[in-house]
Every structure is written in C-alpha cells, then in structure tokens.
Amino acid sequence: MEAAKLSEQTFVEVEPGIIRLTLPLPSGPKHVHCYFLRGDDGWTLVDCGLGSGGLGLMETPWEAILEQVDGPVVRIFITHMHPDHVGGAAEAAAATGAPVIQGALDYEQCERVWGSDDWPERIAAWFTRQGAAPAVAEELIESGHVFADFVRFVWRPTLVEPGDRVDDWEVRWVPGHADGHLALHRDGVLVAGDSLLAPITPAIGLYPASRPDPLGDYRDTLAAIEELDPRVSYGGHGATIEAPARRAREIWAHHEQRLDRTEAVLTEEPRTGFDVSYDLFGRELPAIQRRFAIAETLSHLERLVATGRAVRHEDDRTVAYTARLAGGRASL
C-alpha cells in the first residue's frame with residue numbers, strides 16, 4: 001500500500017456516514033478493518049491497526065487516509081486491546097490530535113500486557129504450566145517480543161464503561177474474544193470489533209489473569225447480540241454481516257460442536273490443554289498459532305468444567321483435565 005494512494009478495496013463507504021478502512025497484517029487474516037463514523041462534530045475512528053515500522057509492514061499512511069474524510073477525526077475508540085486493534089493508536093492519535101477512548105477493564109489489561117517488558121516470559125511460563133514443551137515456550141517468548149515491539153497504545157486514555165455513550169453510540173460489553181471487549185450500537189448498526197465475524201469465527205481463548213470462563217462469557221455475548229437483533233454488523237475482519245442474530249446462532253453452534261469434540265478426547269488419565277490441542281488442531285502449527293490453539297482449547301476445557309462435563313486437576317507445576325464418569329463421579 002503506497003503512502004500517497006489508497007486503493008478502492010482499502011477505503012470503502014459501507015453505508016452513508018460509515019467508512020471502512022482496511023489495513024494489512026503480517027499474519028492471521030492478513031487484514032484488519034477500522035471504521036470512521038460520521039458525527040455532528042466530526043468523525044469517530046474505531047480501531048487503528050497494528051503499529052507500523054516492522055513485521056514487513058509499511059508505515060500506515062495516516063496523512064493520506066485522513067485526506068479521504070471530509071472533516072476532522074475528533075475521537076478514537078478502541079474496541080479491544082489486541083495488537084491489530086490498539087497497536088496503532090498512538091500513531092493515529094498523533095496524526096489526528098484526537099483523544100483515545102478505551103474501556104476501563106480493557107485498558108487495565110492493555111497496560112498489564114503491552115506496558116510491561118516481561119509479558120512474553122510470563123505468558124510462556126503460564127503455557128508451560130498448561131503442558132507446553134520448553135521448546136514451544138521459547139518460541140512463544142521470541143514471537144511475543146516481536147509483536148510487543150509494534151504495539152503503541154496510548155497511556156491514560158479516556159475511560160468508558162458499558163452503557164456509556166460515545167457520540168450517541170451506545171457502548172456495549174461483548175466479552176469472550178477479549179475480557180474488556182466493547183462494541184458500539186446505534187439505530188440497528190453494530191460496530192462489533194472481533195465479537196462477531198464472518199466467515200471466520202472469533203478466537204475465544206483462556207489466558208493468564210483473564211476471566212475464568214471466557215467461552216461462557218462469549219455465549220452470553222452471542223445471546224445478547226441475538227436479542228439485540230441489529231440490522232447489520234461491521235466486524236474487525238472479513239465480511240459485513242447482514243443477519244447478525246443468525247450469525248450469532250451459527251457461531252454458538254460451532255462452539256457446541258467443539259465442546260463435544262473436546263469432551264470426547266478426555267479420558268480417565270489427566271491430559272493437559274497442550275496435549276488436547278493436538279487432538280483438536282493437529283500437530284503442525286507454528287508457535288504463534290499453537291499459542292492460540294492452546295488458549296482456545298483451554299477455554300473449551302474450562303467451559304466443560306463449569307458445566308460439570310469435565311474435571312480440572314492442578315498442582316504447583318501442572319494443570320490437567322479428565323473426563324467425568326457416568327453418574328457424576330470425577331475420574332482421578
């Protein structure tokens with residue numbers, strides 16, 4: 001993407017007053033969607049992509065981007081603290097002069113993760129406790145430091161809570177993909193971040209110091225979206241969703257199938273999340289994808305524990321899981 005020119009596929013008005021900006025990513029879905037929302041006093045920018053200058057990415061051409069909107073960006077809203085959404089916040093804030101708005105819980109976790117120097121080591125130690133081999137842990141540390149170098153969030157943003165309003169958009173809490181994930185809703189339009197995606201499904205993982213049952217949280221999020229029944233949903237990746245309530249049902253059906261598969265591979269012998277991830281996602285994954293596979297496996301295992309379909313066993317060194325035998329007696 002040249003700094004002086006944006007392609008039609010990169011900058012699209014998806015409906016009057018809402019512009020979708022698509023920025024490249026070096027991995028995963030290879031792109032992230034940000035949104036400009038028109039207001040009476042200017043534009044609200046929702047999410048900012050990954051910080052530029054590394055991982056093979058060119059510098060985000062904010063000057064050229066801002067020339068495409070007919071007015072100032074007066075605020076920046078962050079849906080959640082993952083690198084591809086918050087990583088470019090400082091650059092966007094510098095280019096626009098606009099304040100950054102972020103959820104209080106989300107910012108607390110953002111600061112704990114990206115505001116520290118040892119997060120890759122801490123998460124690697126945690127994954128080791130979940131059964132990851134030392135070689136995998138070392139790869140996690142290396143890949144974690146690479147991403148951390150290009151996350152430039154804004155310290156001490158304006159904090160909001162669910163139920164607040166941002167330029168007449170309602171702030172809604174949509175946990176699961178991230179504990180503090182927020183979305184914006186107004187007049188049947190949901191700006192969803194990564195809480196609702198198509199055709200892919202959002203990754204729902206368990207991480208250190210996170211809420212204990214992220215998949216249970218996400219079930220409640222999907223139920224709330226179904227009840228809200230918005231006209232359209234604009235997500236952080238993939239396609240516009242024209243029937244959000246139906247997509248919410250489809251995604252939960254996917255997770256119910258994954259829960260059944262996870263339960264089916266448990267035995268009377270304790271198995272770690274790392275071991276179970278091999279059954280669910282295969283053995284041939286690079287470190288960054290193995291991290292997501294383990295985290296997603298753990299969220300499903302903990303959901304099974306929460307609903308009485310599995311048992312967790314832990315000591316000072318390891319966390320493992322077993323099947324629950326017929327009649328409700330835990331396997332040992």
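Before any of the text, the structure's been laid out above.
Residues numbered from 1 in each chain as written. Predicted model: local features only at pLDDT ≥ 70, side-chain atom pairs only at ≥ 80, totals over all residues. Heavy atoms only, no water.

Novice: Even after reading the chapter, I still don't get the overall build of the protein chain, so can you show me in this structure?
Specialist: Summing up its helical and strand segments, the protein chain has 10 helices and 14 strands in all. For the protein chain, the C-alpha radius of gyration of 20 Å lies close to 20 Å, the compact-globule estimate for 332 residues. Taking the principal axes of the C-alpha coordinates as reference, the protein chain spans close to 65 × 40 × 35 Å. Here the protein chain, with 332 residues, has 53% of them falling under the buried criterion. Put simply, 64% of the contacts in the protein chain that link residues at least 6 apart link residues at least 24 apart. Total accessible area computed for the protein chain in this model is approximately 14600 Å², and 50% of it derives from carbon and sulfur atoms. Both charge centroids of the protein chain, one from 31 positive and one from 52 negative side chains, sit 5 Å from each other. (Helix = DSSP H or I, 4+ residues; strand = E, 2+ residues; numbered from the N terminus. Rg over C-alpha atoms; globule rule 2.2 N^0.38 Å. Buried < 20%, exposed > 50% of the residue type's maximum accessible area, 1.4 Å probe, protein only. Contact = heavy atoms within 4.5 Å. Areas by Shrake-Rupley, 256 points an atom, 1.4 Å probe, with all protein chains shown as cover. Lys, Arg positive; Asp, Glu negative; His and termini not counted. Charge placed at Lys NZ, Arg CZ, Asp CG, Glu CD.)

Novice: Any chance you could explain the packing of aromatic side chains here in plain terms?
Specialist: For any pair of aromatic rings, geometry is given as the distance between the ring centres together with the angle between the planes. Applying the stated criterion across every chain, the model contains eight aromatic pairs. Taking 4.8 Å as the distance between ring centres and 45° as the angle between the ring planes, the aromatic pair formed by F153 and W155 counts as tilted. On the basis of relative accessible area, W155 is assigned to the partly exposed category, the value being 42%. A connected cluster of aromatic rings, assembled from ring pairs, spans F11, F36 and W43. Stacked on the ring of F292, the Lys or Arg R291 has its end atom at 5.0 Å from the ring centre. (Phe/Tyr/Trp six-rings, centres within 6.5 Å; stacked < 30°, edge-to-face > 60°. Lys NZ or Arg CZ within 6 Å of the ring centre and 35° of its normal.)

Novice: Looking at this structure, how should I read the sheet that holds strand β6 (residues 100-103)?
Specialist: Backbone hydrogen bonds are what pair the strands of a sheet, in a parallel or an antiparallel way. Spatial strand order, β1-β2-β3-β4-β5-β6-β7: seven strands in an open sheet with mixed pairing. Two strands close off the open sheet at either side, each with one partner strand: β1 (11-15) and β7 (158-160). Between one strand axis and the next, the sheet turns through 30° on average, direction left out of account. Inspection of the sheet shows β6 paired to β7 by three bridges, in the parallel sense. Bridge assignment links Q102 to a residue of β7, and that residue is L159. Against the sheet, helix α3 (residues 89-96) touches β4 (42-46), β5 (73-78) and β6, its axis set at about 170° to β5. Here helix α4 (residues 104-114) sits on the sheet in contact with β5, β6 and β7, set at roughly 95° to β6. (Pairing = 2+ DSSP bridges. Axes fitted to C-alpha atoms, helices over the stretch in contact; angles between N-to-C directions.)

Novice: What is the right way to look at the state of the cysteines in this model?
Specialist: A full pass over the atoms with the stated rule returns zero disulfides. In this structure C48 is not part of a disulfide, and its nearest cysteine sulfur, from C34, lies 6.2 Å away. For C110, which is in no disulfide, the shortest distance to another cysteine sulfur is to C48 and amounts to 11 Å. (Disulfide = S-S within 2.5 Å.)

Novice: Can you walk me through the sheet that holds strand β11 (residues 189-193) in this structure?
Specialist: Across the sheet, which stays open at both edges, the five strands sit in the order β8-β9-β10-β11-β12 with mixed pairing between neighbours. Each end of this open sheet is capped by a strand with a single partner; those strands are β8 (165-166) and β12 (232-235). As paired elements, β8 and strand β9 (residues 169-173) share two bridges and run antiparallel to each other. Note that in β9 the partner of R165 across the bridge is E170.

Novice: Please clarify how the packing of helix α7 (residues 214-228) against helix α10 (residues 287-306) should be interpreted in this entry.
Specialist: Packing of α7 against α10 brings their axes to within 7 Å, and their N-to-C directions diverge by 85°. By the angle between their axes, α7 is roughly perpendicular relative to α10. Across from P214, L215, G216 and R219 in α7, the residues of α10 making contact are S299, H300 and R303. Its residues placed into classes, the contact of α7 with α10 shows two nonpolar, three polar and two charged. (Parallel < 35°, antiparallel > 145°, perpendicular 65-115°, else oblique. Nonpolar A, V, L, I, M, F, W, Y, C, P; charged D, E, K, R; others polar.)

Novice: Looking at this model, I keep getting lost on the nonpolar core. Mind explaining?
Specialist: Across soluble globular proteins, nonpolar side chains have a tendency to be buried as a group. Among the nonpolar cores identified, the biggest contains 69 residues, and F36, L45 and I76 are the most heavily contacted of them. Sorting elements by how many residues they give to this core places α10 first, with five residues. Contacts of F36, omitting those with residues within four sequence positions, involve F11, G17, I18, I19, L21, W43, T44, L45, I65, L66, V69 and V73. Core analysis: the second largest hydrophobic core is formed by 16 residues, F77, I101, V171 and V232 among them. (Core = buried A, V, L, I, M, F, W, Y, C linked by side-chain atoms within 4.5 Å.)

Novice: Where do I start with the side chain of D179 in this structure?
Specialist: Structurally, D179 can be placed in the loop between β9 and β10 (182-186). R211 provides the closest opposite charge to the buried, salt-bridge-free D179, at an N-O distance of 5.0 Å. Engagement of the side chain of D179 in a polar contact is seen with the backbone nitrogen of R211, the distance being 2.8 Å. (Salt bridge = Lys/Arg side-chain N within 4 Å of Asp/Glu carboxyl O. Polar contact = N/O pair within 3.5 Å; in protein donor to acceptor, adjacent residues only side chain to side chain.)

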